[in-house]
Amino acid sequence: AGVTVAIFSLVRGLTSTFQVGEQWRFEVRGPAGQAVYVQALQDGVNLGTWLIGSTDSTGYFEHFGGMGPEHVGSWFETWWVGSTDNAATIAFTVSP
C-alpha cells in the first residue's frame, strides 16, 4: 500500500506556502495500524527523524500545529508509515 501526505492551512486549505502565525494540519494516509515517522529538512539541514503517531484502523493520521518564527525557510519532509518502503515526500515554504 502506498502513502500520501498533504499539508493544509486551517484557514486557506491545501497549500505549499505558509506565513508565521498560520495553523496547519498534516494528513497522512497509508497502511492501517502502523507507526508514522517524519524526517524534516529545513533549508537543506537535516533536523532529524521522529515517530509522531500511528495510523488508525482505516490508515489515516493527522497532525496539527502552527508556524513560528523558527520555521521560516524551505522545508522538505519524508513521511513513512510502518517502514521506509511506504514513504511520501512533501515540500513547503514558510515566510515571516
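Residues numbered from 1 in each chain as written. Predicted model: local features only at pLDDT ≥ 70, side-chain atom pairs only at ≥ 80, totals over all residues. Heavy atoms only, no water.

Check the secondary structure of the protein and you find zero helices and nine strands. Starting at the N terminus, the α and β elements of the protein follow one another as β-β-β-β-β-β-β-β-β. Taking the principal axes of the C-alpha coordinates as reference, the protein spans close to 35 × 30 × 15 Å. The 96 residues of the protein split such that 41% are buried. Relative to all contacts within the protein whose residues are 6 or more apart in sequence, the contacts with residues 24 or more apart total 57%. A total accessible area of about 5100 Å² is found for the protein, and carbon and sulfur atoms account for 54% of it. (Helix = DSSP H or I, 4+ residues; strand = E, 2+ residues; numbered from the N terminus. Buried < 20%, exposed > 50% of the residue type's maximum accessible area, 1.4 Å probe, protein only. Contact = heavy atoms within 4.5 Å. Areas by Shrake-Rupley, 256 points an atom, 1.4 Å probe, with all protein chains shown as cover.)

A separate point is the environment of glycine 59. Structurally, glycine 59 is set in the loop between strand 6 (45–54) and strand 7 (60–66). The spacing of glycine 59 and glycine 30 is 29 residues in sequence and 5.0 Å in space, taken between C-alpha atoms. Setting aside residues no more than four positions away along its own chain, glycine 59 makes contact with Val28, Arg29, Gly30, Pro31 and Ala32.

Across the sheet, four strands lie side by side as 2-1-4-7; this open sheet has antiparallel pairing. Looking at strand neighbours, the two that pair on one side only are strand 2 (13–14) and strand 7, the edges of this open sheet. Bridge analysis of strand 4 (residues 23–29) against strand 7 gives seven bridges, and the strand direction is antiparallel. The residue bridging glutamine 23 from the neighbouring strand is glycine 66, located in strand 7. (Pairing = 2+ DSSP bridges.)

So, about the nonpolar core. Counting residues in each nonpolar core, the largest one holds 19 residues, and the members touching the most others are Ile7, Phe26, Trp79 and Phe92. Secondary-structure elements contributing two or more residues to this core are strand 1 (4–9), strand 4, strand 5 (35–42), strand 8 (73–81) and strand 9 (87–95). The element contributing the most residues to this core is strand 9, with four residues. Non-local contacts of isoleucine 7, meaning those with residues more than four positions away in its chain, are made with Leu14, Thr15, Phe18, Trp24, Arg25, Phe26, Met67, Ile90 and Phe92. (Core = buried A, V, L, I, M, F, W, Y, C linked by side-chain atoms within 4.5 Å.)

The next subject is the packing of aromatic side chains. The final tally for this structure, using the stated rule, is six aromatic pairs. For the ring pair tryptophan 24 and phenylalanine 26, a centre distance of 5.2 Å and an interplane angle of 70 degrees mean the geometry is edge-to-face. Per residue, the accessibility class of tryptophan 24 equals that of phenylalanine 26, and both read buried. Seen from their ring centres, tyrosine 37 and tryptophan 80 are 5.6 Å apart, and the 20 degrees between their planes marks the pair as stacked. Placement of tyrosine 37 in strand 5 and of tryptophan 80 in strand 8 is noted, with a sequence separation of 43 residues between them. The class of tyrosine 37 is partly exposed, set by a relative accessible area of 26%. Here the aromatic cluster, defined as three or more aromatic residues joined through ring pairs, consists of Phe18, Trp24, Phe26, Trp75, Trp79 and Phe92. Here arginine 25 stacks its cationic end above the ring of phenylalanine 8, 4.5 Å away from the centre of that ring. (Phe/Tyr/Trp six-rings, centres within 6.5 Å; stacked < 30°, edge-to-face > 60°. Lys NZ or Arg CZ within 6 Å of the ring centre and 35° of its normal.)

These values are about where atoms sit, not about what they do.
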